[in-house]
Structure formats: structure tokens, C-alpha cells
Amino acid sequence: MKRKSYQRKQKRVKRTRKALTLFVAFASAIVVGFIALRIYVQVAGAPPLTVPKASIFLDQSENQIGDHFTSERRYWVDLDEMSPYLTKAVVAVEDKDFYKHSGFDFSRIAGAILVDIKAGSKVQGASTITQQYARNLYLSHEKSWTRKLNEALYAYRIEVFYDKDEILEGYLNTVYYGHGMYGVEAASRYYFSKSASDLTLAEAAMLTGIPKGPSLYSPIVNLEKASNRQHVILNLMAEQGAISETEKNRAKEEAIVLKNDKWVAAKSIAPYFLDVAWQEASEILKSKNMDISEGGWTIQTTINTAHQKAAEAAVADNMPKNDLQAGFVSMESKTGAVTALVGGRDYGISSFNRVTQAKRQPGSTIKPILYAAALENGYTPLTFLDVGETIFTYDKGRQTYAPKNVNGKFADHDMSMAQAIAISDNIYAVKTLEEIGFKTFHEMASRFDVNVGTKDNLSIALGTAETTLYQMTNAYNILASQGQKTAPTTIISIKDANGEIIYENKEIEQATEPVISKKDAYMLTEMMTGIFDPVFSDYSPATGIAIRSRMTHTYAAKSGSTNSDQWLIGYTPNLTAGVWNGYDQGKTLSAKEDMAATKQIWIDFMENVNSGTKNQDFTKPKGVKGVVVDIETGKLASKACPKQRLVYLKTEDVPTEKCSNFDVLDSKTWGEFWNMLPFSIFKGNKNNEQ
């Protein structure tokens, strides 16, 4: 017996020793594992907590007007910028021991494992807020043990290097709330049209319930289910002492007001403009070896919200009820700062930008560029040409060209450049190109950054080479800037996510590089005021007469038309605006309302933005003199010649001869002739006879 007892005792000792050895080995493995894990974590360092963030746009007065996202709508706000009810609600429902554990809730994990084992698959989670944050940052939402292991590893690294408030802040800025909204700030703005800092207890609880199933608990999708989950969360908060019973009951009774439609509408300001600004900002950052897709940029733009509203209203009020499209852009003279841009009738239907992307024939709006070249080559506003019907030959006589005017008529007399601009005579333009030469015109167009084609074809004098409204409006802006170089821009400054200035547009100050002389720019400008003056009307009316009655300010402008395009571009000393109308597929314009829209949009905008401001005349440079002339002869005006107008010329080009209208069958002519005689004796005798 004693021997058997001894043997049993020895077996127990062996088993104990074996168990103890196994325990020590297991414990040692765990300790070594933790040490190895700790070493790995220290070597790997803190995992980055950065996520793609929204880039926001500001207007020129630094008011937010929109945002841009690479794929997700996100805003990042600090924890102290969130409603305290929100943080309490999230901790209560997602991880009540968040501030106690080190990233893992082992009791919840054990319970979840038992459920998963019974089910034979990964069906229940026990993720803490830290684990969910790790998943949001680095992993997919696939339900697998591999993903869960990686999640735990990332969660541990996060807990080692970041404190609890940083983790909670990160989680609340990355969790998905449905409808493309990531983070509490984006969600709060979307659902309630307010910042997360202003959420009530009831709103915070409802928002907290959404991430469990955005397609189920979004109050926009199903308000009843969202409200039921909200009540569950309020009960949990009360049970855990996060809120009082009184607060809970009051929150349950509070009526939830959703304002997402209002928020979406408020963020749709100038979408075509923001596309252009985003592209320009992207190029700026690329030149600095930065990637705009990183997000978090604050982009201050040149947009003037009053101008933008005026432009949008002008387009909406004057477009016919058909498929006619519109493009509109306005720029500050001297700086090129784009103050308003409308790229089409409805961005939701088509994001194609008719200002920057559509290349169309500019028609007669190209003529001021041609005449700028002519002024540099001996022409004056009073250079007269025969503008009767003409068949031109070019290419060494191998080709002919027979341009016509819009109404098919021609003048039966010589015409000055000033009048030719006012009524948009085509023969004058083609003859000018023929005389100054293609090379001269191409060189001038290049200085204005306008495309007139590469072929030596006389039709380019009438704007047959395609260009954009953006380019053409900037060309006119150069004239408004007294011939100084301008380039359109939508960007004032760019800041990174830390508020550091990455780019500041120093060139937005007045430009100093001349494109043409101030004298030539001024003479062109004054000639372009003539499109509104009926004194220039001839076989065709001055092209701006239709809107003359609405003008309260001095404008210089030029219209242009083709079979499928209508243009009007003009300016004051401070602002240039361009309008284009046409069909996307180049359909012929025939309806009266199609052709009337352009001028009405332009004058609506210009009168709106200049309302209440003092009229400004264009600044006359030295060496230019204004004289009243007879527009039919170009001579100094006298009573004998009724068609008179003030015209500006270089001092050396001012005429010295007075006009006369001598008609042998007109008694008034003889009276004028008698008065012009220098012989006082005859004048005296005549007076005595009277």
C-alpha cells in the first residue's frame, strides 16, 4: 500500500511540475510576446492619425463659400469644439469603459468569442472606440480574424502613443454617419445645419445612433427608427450617470428639426467657379511639389459673392425656355481677379464649363485686337476705308473671299474705324487685315493671349478661329487696364491644414507689363463706347442700341455673332464682363429670344453691380486729345455737318480742316458759304442790306 501511495504521490508531483513548467513557459511566452510587441511598437513608432480632410473655399472677404473632397466629405474639429453631450453619448453607447481600459475590453471580447464559436464564424464584435478608430484609419470593415488581429495591433500602437482625448477626437472625426458624411462636424452640418459644438442633447443622441447602421438609422431615411435608437442611447446615458433623468426626459420630448436640404443648397455657391479655382490651386501646389488631394487646404478665392449672385440672376432671368446655354465671367481690371463665373445653366445637369472649356468662334469680338494692331501701324480712329461690297483675293491670287455684313447690306460711302467698330462693319475689318498683314495680326493676338488660328486666311479678321470666353474676356480686361498685361486668376492665397500660408498671390496687385500703349488702349476703349451711340448708325444700327436706354454708366464693349454664337464683352474702368450664348452642339441660332439673351444678361449684371456707384470715365493719357468731328468726313465739326461726335486721337492726328456740306441746290449751303468768306466788306454790305 505504501508503495502504491508513494507512486501516486510521485505522479502528482510530476504532473504538478509539468503543469508548473507549462505555466511558466506559457507565462514566459506571454511576457516575451508582450516585450516583443512593445519593442515592435516602439520601433514602428506612432501610427499616423491623418485622414483625407475637406478643403474649403473662401470668398475674397474670407467667408466660406464651399468645399471640395477627393471622395469623402470630412471636416476635422477639436474635441473641445464638439458638444459635450456628443462625447458622453458616444462613450455611453460604444465603450462605457473607454477611459479605464488600455484599448481592449477583455470581458466583451470573451463574450464575443463565445458567440462566434457557437456560430462558427465571425458574427459579433467587441471593438472598443480605439479599435474602431484603428479600423477607420487603416483597415476595411471585412469580418475576419486576420482583420481583427491587425485591428488589435493598431489599437495597441495608438494607445501607447496617444492619450484618450486624442483617440476620442480622432474617432469622432472619422466615423461614418451616412450620406457621404465622415466625422461629427460634417454630419452635424448635414443633418442639422449647425456646427457640432451647438448640438443639443437630443440631436447628439440621434447623431450617435447613426453609425451602427447608417442605412437604417439615418433620420432622413427612417425618422422612426432613428428616434427609437435615440431613446435607447438616452436611457444608457441616464443609467451610466452621464445625464440626469430630467435631461433624458426633456431630450426625448424635443422635436428634431432636420435642415439638410438647406445645408446642401448653401454649399452649392458658384460650382463652376469652384471647379476652376480647384484646378488653379492644384497647379499652384503641384509647382511647389505638393498634392492637392491631401486635403485640408484653405483656399481663399477672388470671388465676389454679390457679383456671383448678380451673374446667376442675370442668366436665370434672361434665358429662353429651351436648350440655349450660357457662359458668363467677370474680372477686375488691373488684377485679372475673377469675381463671378457661370459656366452653364445647371451644374447638376452638366458640369461642362462653357467659360473655360468651350472653344467657340468669337465673331466680331476679335476686331478690337485687330484694330489694336492697326493703330500701331499707322491707322487712327479717323482712318477711312471704302467698305462697299468687295471680293478679296489672297494666297497669291489663288483664293477669293467675299465677306458680308450681318444684314447683307453694305455702306455706299467710305467709313472711319470709329464707325466701323460701332456698327461692326466686316469689310472694314477684312481690308484692315489685308493692309497690315497676317503676321502683324498674329503677333498682336499672341500678346493678348488670344487664338486667331495659324492659317493665313482673311476670315480670321471676323473671328473664325475658336477660342474661349475666358481668354477673350481677359483680352478685353487688358484694354480696361490701359493696355497693361493681366492674367485671369481665381486664387488669393492657399493655407495648409495647419494654417500655414503655402501660397499668396503677390501678382494680384496692379500689373506693369504693357501689351499695347496707353494711348492705343484708350482710343480703342473710346471707340468701343460708340456701339451704344445712335449717331454712328448707318446701313445697320450701332450694335448696342438695344440696351442703351438701360445704361446709367459709361461702358465700352463689343458684340460678336456667328451662326451659332452670340457674344458681348465690355467693361468699365474697374470691371470687365463677358457673355456667350449658344447651343452645345453648335445648333444655328434663329429664335429672336436666343439672340437677345446675351445683351440683356450683360446689361443686367453691369447695372446691378454698379448700382449706387458714381459713374467713372476712362482715364485719358497724355498725348491724346478729344475733338468733335463730323463722322462722315472725319473733319472738325461745324453747324453744316449734323452727325457729330467726340472722338479721341493722338495729338498729332487731330484734324485741322472743318467739315462743310456744300449743296448748290440748298439755300442754307449758300448762307454757310457766305459766312465762311473772309471779306468783311461783303459781310458788312450784306448786313446793311438786311
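1. Description of the pairing of strand β18 (residues 644-650)
Working note: regular strand, side chains alternate between the two faces of the sheet.
Turning to step 1, where the next piece is worked out: With five of its seven residues buried, β18 lies for the most part within the structure.
Turning to step 2, where the next piece is worked out: In terms of strand pairing, strand β17 (residues 624-630) meets β18 through seven bridges, oriented antiparallel. In the strand pairing of β18, G626 is matched with Y648.

2. With respect to the confidence of the model for the chain
Keep in mind that low pLDDT regions are not for reading the predicted coordinates in detail.
Turning to step 1, where the next piece is worked out: Averaged over all residues, the pLDDT of the chain is 84; the fraction at 70 or higher stands at 80%.
Turning to step 2, where the next piece is worked out: In this model residues 262-267 is a low-confidence stretch, pLDDT under 50, and it forms twelve contacts with partners more than four residues away in sequence or in other chains.
Turning to step 3, where the next piece is worked out: Confidence drops under a pLDDT of 50 for residues 663-690, and excluding neighbours within four residues, the segment shows 14 contacts in the predicted structure.

3. So, the state of the cysteines
Turning to step 1, where the next piece is worked out: With the rule as written, the count across this model stands at one disulfide.
Turning to step 2, where the next piece is worked out: Here C641 is linked by a disulfide to C659, with a sulfur-sulfur distance of 2.2 Å. On the sign convention where negative means left-handed, the S-S torsion of about 135° between C641 and C659 marks this disulfide as right-handed. With C641 in the loop between β17 and β18 and C659 in the loop between β18 and α22 (667-676), this residue pair connects regions lying 18 residues apart in the sequence.
Turning to step 3, where the next piece is worked out: Taking relative accessible area as the criterion, C641 reaches 4% and is therefore assigned buried.

4. Considerations on the sheet that holds strand β16 (residues 575-582)
Two orientations exist for strands paired in a sheet by backbone hydrogen bonds: parallel and antiparallel.
Turning to step 1, where the next piece is worked out: Across the sheet, five strands lie side by side as β7-β6-β16-β15-β14; this open sheet has antiparallel pairing. A single partner strand is all that each edge strand has here, and the edge strands are β7 (338-342) and β14 (556-561). Averaged over all pairs of adjacent strands, the angle between strand axes in this sheet comes to 5°, irrespective of strand direction.
Turning to step 2, where the next piece is worked out: As defined by bridge partners, strand β15 (residues 565-571) adjoins β16 across seven bridges and the pair is classed as antiparallel. What sits directly across from W567, in β16, is W580.
Turning to step 3, where the next piece is worked out: On top of the sheet, helix α14 (residues 305-318) reaches β6 (325-332), β7 and β16; it is set at about 30° to β7, its chief contact.

5. Let's talk about the packing of aromatic side chains
Turning to step 1, where the next piece is worked out: With the rule as written, the count across this model stands at eleven aromatic pairs.
Turning to step 2, where the next piece is worked out: Over the aromatic face of F98 sits the side chain of K164, whose NZ or CZ is 4.5 Å from the ring centroid.
Turning to step 3, where the next piece is worked out: In this structure, K587 packs its charged tip against the face of Y583, placed 4.6 Å from the ring centre.

6. Quick notes on helix α8 (residues 201-209)
Turning to step 1, where the next piece is worked out: Of all the nine residues making up α8, nine are buried; the element is thus mostly covered by neighbouring parts of the structure.
Turning to step 2, where the next piece is worked out: For α8, the set of buried residues is L201, A202, E203, A204, A205, M206, L207, T208 and G209.

7. Observations concerning helix α17 (residues 426-436)
Turning to step 1, where the next piece is worked out: With nine of eleven residues buried, α17 is to be regarded as a mostly interior element.
Turning to step 2, where the next piece is worked out: Residues N426, I427, Y428, A429, V430, K431, T432, L433 and I436 constitute the buried set of α17.
Turning to step 3, where the next piece is worked out: In this structure D425 caps α17, since a side-chain oxygen of it lies 3.1 Å from the backbone nitrogen of I427.
Turning to step 4, where the next piece is worked out: Of the residues flanking the end of α17, it is G437, one or two places downstream, whose phi is positive at about 95°.

8. Looking at a positive patch on the surface
Turning to step 1, where the next piece is worked out: Together, K11, R12, K14 and R15 make up a positively charged patch on the protein surface.
Turning to step 2, where the next piece is worked out: The topology assignment puts R12 in helix α1 (residues 2-44).

9. Side note on unusual backbone geometry
Turning to step 1, where the next piece is worked out: One non-glycine residue, E62, lies in the positive phi region at around 70°.
Turning to step 2, where the next piece is worked out: You can see E62 is positioned in the loop between β1 (55-58) and β2 (64-68).
Turning to step 3, where the next piece is worked out: Judged by relative accessible area, E62 falls into the exposed class, the value being 53%.
Turning to step 4, where the next piece is worked out: Here Q482, not a glycine, exhibits a phi torsion of approximately 60°, which is positive.
Turning to step 5, where the next piece is worked out: Topologically, Q482 is positioned in the loop between α19 (469-480) and β12 (491-495).

Reading the values: the criteria
Residues numbered from 1 in each chain as written. Predicted model: local features only at pLDDT ≥ 70, side-chain atom pairs only at ≥ 80, totals over all residues. Heavy atoms only, no water. Buried < 20%, exposed > 50% of the residue type's maximum accessible area, 1.4 Å probe, protein only. Helix = DSSP H or I, 4+ residues; strand = E, 2+ residues; numbered from the N terminus. Pairing = 2+ DSSP bridges. pLDDT = per-residue confidence, 0-100. Contact = heavy atoms within 4.5 Å. Disulfide = S-S within 2.5 Å. Axes fitted to C-alpha atoms, helices over the stretch in contact; angles between N-to-C directions. Phe/Tyr/Trp six-rings, centres within 6.5 Å; stacked < 30°, edge-to-face > 60°. Lys NZ or Arg CZ within 6 Å of the ring centre and 35° of its normal. Polar contact = N/O pair within 3.5 Å; in protein donor to acceptor, adjacent residues only side chain to side chain. Patch = residues over 30% accessible without salt bridge, like charges linked within 9 Å, V, L, I, M, F, W, Y side chains within 5 Å. Areas by Shrake-Rupley, 256 points an atom, 1.4 Å probe, with all protein chains shown as cover. Salt bridge = Lys/Arg side-chain N within 4 Å of Asp/Glu carboxyl O. Lys, Arg positive; Asp, Glu negative; His and termini not counted. Charge placed at Lys NZ, Arg CZ, Asp CG, Glu CD.

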